[in-house]
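Close look at the chain arrangement
Okay, here's what each chain looks like letter by letter:
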Amino acid sequence: MNSGRFLDPPEFAVFHDKGNEQNVFDRVDYTFSAISSVHFDVNYSRSWFQTPNSYDNLNVQNVIGADTSANPTFGTVGDADQRSKIGTINISPTYTRVIGSNSVFNLGAFVRRDEYNYYPSGNPLADLGASNLQTASISQYRTLTNSAVHTDFSYVKGIQNSR
């Protein structure tokens, strides 16, 4: 998906708000026998988007009719051009075994890793807004990894489960 209005800014006129998103999902099932099987899920998602600019973080000399004597920036540095990229991968295998005619056993695991990149403007002076809301130009790289193992046993017998 490509969009010129990726995030929803507060202004009616959208500027600096492009983004795209991609997802890939696959599932593979394999049956060992009539009572034993495994399935394997893999998911990858990536999104890239610009941080929307608002009127208060535009550099004054770029706004038509603005009073350039009040410009707090040095020369023509351009508007802020901050961007972010998020990547996620999720892997989850599950083993299933039928135990008799009334019960099923499942054993599963998953690993999920998220990566977040924040990129400042190419010119660090462009990130310094006129209203002093942002006083520095920074970049960030953060990650989060989750993993778990789960199991369940289901037993169904009796008239409560029949129709």
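Note that this is a predicted model, so its numbers are computed, not measured. (Residues numbered from 1 in each chain as written. Predicted model: local features only at pLDDT ≥ 70, side-chain atom pairs only at ≥ 80, totals over all residues. Heavy atoms only, no water.)

**Description of the overall build of the protein**
Per the secondary structure count, the protein includes zero helices and six strands. Listed by position from the N terminus, the elements making up the protein come as β-β-β-β-β-β. Counting across all 163 residues of the protein, residues that qualify as buried make up 27%. Residue pairs at least 24 apart in sequence account for 63% of intrachain contacts in the protein once pairs closer than 6 positions are excluded. (Helix = DSSP H or I, 4+ residues; strand = E, 2+ residues; numbered from the N terminus. Buried < 20%, exposed > 50% of the residue type's maximum accessible area, 1.4 Å probe, protein only. Contact = heavy atoms within 4.5 Å.)

**Some words on a nonpolar patch on the surface**
A cluster of nonpolar side chains, contributed by Val24, Val28, Phe40, Tyr44, Ile89 and Ile91, occupies part of the molecular surface with about 490 Å² of accessible area. Looking at the nonpolar patch, the elements that each hand over two or more residues are strand 2 (19–33), strand 3 (36–50) and strand 4 (83–99). Within the secondary structure, valine 28 sits in strand 2. (Patch = residues over 30% accessible without salt bridge, like charges linked within 9 Å, V, L, I, M, F, W, Y side chains within 5 Å. Areas by Shrake-Rupley, 256 points an atom, 1.4 Å probe, with all protein chains shown as cover. Salt bridge = Lys/Arg side-chain N within 4 Å of Asp/Glu carboxyl O.)

**A look at the environment of serine 103**
Within the element layout of this structure, serine 103 appears in strand 5 (residues 103–119). Taking the relative accessible area as the measure of exposure, serine 103 reaches 8% and is therefore buried. In this structure, the C-alpha to C-alpha distance between serine 103 and lysine 157, residues 54 residues apart in sequence, is 8.7 Å. Each residue touching serine 103, except ones within four places of it in the same chain, is listed here: Val98, Phe153, Ser154 and Tyr155. Separated by 2.4 Å, the side chain of serine 103 and the backbone oxygen of isoleucine 99 make a polar contact. (Polar contact = N/O pair within 3.5 Å; in protein donor to acceptor, adjacent residues only side chain to side chain.)

**Quick look at the environment of threonine 96**
Tracing the backbone through its elements, the reader meets threonine 96 in strand 4. Separated by 65 residues in sequence, threonine 96 and threonine 31 have C-alpha atoms that sit 9.5 Å apart. If we ignore the near neighbours within four places in the chain, the residues touching threonine 96 are Ile35, Ser36, Ser37, Val104, Phe105 and Asn106. Within polar-contact distance, the side chain of threonine 96 engages the side chain of asparagine 106 at 2.7 Å.

**Observations concerning the environment of threonine 145**
Here threonine 145 lies in strand 6 (residues 140–155). As a C-alpha pair, threonine 145 and arginine 112 span 33 residues in sequence and 5.6 Å in three-dimensional space. Discounting chain neighbours no more than four positions away, the residues touching threonine 145 are Val111, Arg112 and Arg113. Of the polar contacts made by the side chain of threonine 145, one reaches the side chain of arginine 113; its length is 2.9 Å.

**Concerning the pattern of salt bridges**
Scanning the model with the defined rule gives three salt bridges in all. Across the salt bridge formed by arginine 113 and glutamate 115, the nearest N and O atoms sit 3.3 Å from each other.

**Here's the deal with the pairing of strand 4**
Consecutive side chains of a regular strand alternate in pointing toward one face of the sheet and then the other. In this sheet, strand 4 lies alongside strand 3 in antiparallel orientation, the contact comprising 15 bridges. Bridge pairing in strand 4 places phenylalanine 49 opposite serine 84. As paired strands, strand 4 and strand 5 are joined by 15 bridges and run antiparallel to one another. Along strand 5, the bridge assignment pairs threonine 94 with glycine 108. (Pairing = 2+ DSSP bridges.)

**As for the side chain of aspartate 41**
Within the secondary structure, aspartate 41 sits in strand 3. Although aspartate 41 is buried, it forms no salt bridge, and the closest oppositely charged side chain is arginine 27 at an N-O distance of 4.1 Å. (Lys, Arg positive; Asp, Glu negative; His and termini not counted.)

**Brief notes about the packing of aromatic side chains**
Here the structure, examined in full by the defined rule, presents one aromatic pair. Ring geometry for tyrosine 30 and phenylalanine 32: centres 5.0 Å apart, planes at 80°, overall edge-to-face. In this structure, tyrosine 30 and phenylalanine 32 share a single accessibility class: exposed. (Phe/Tyr/Trp six-rings, centres within 6.5 Å; stacked < 30°, edge-to-face > 60°.)

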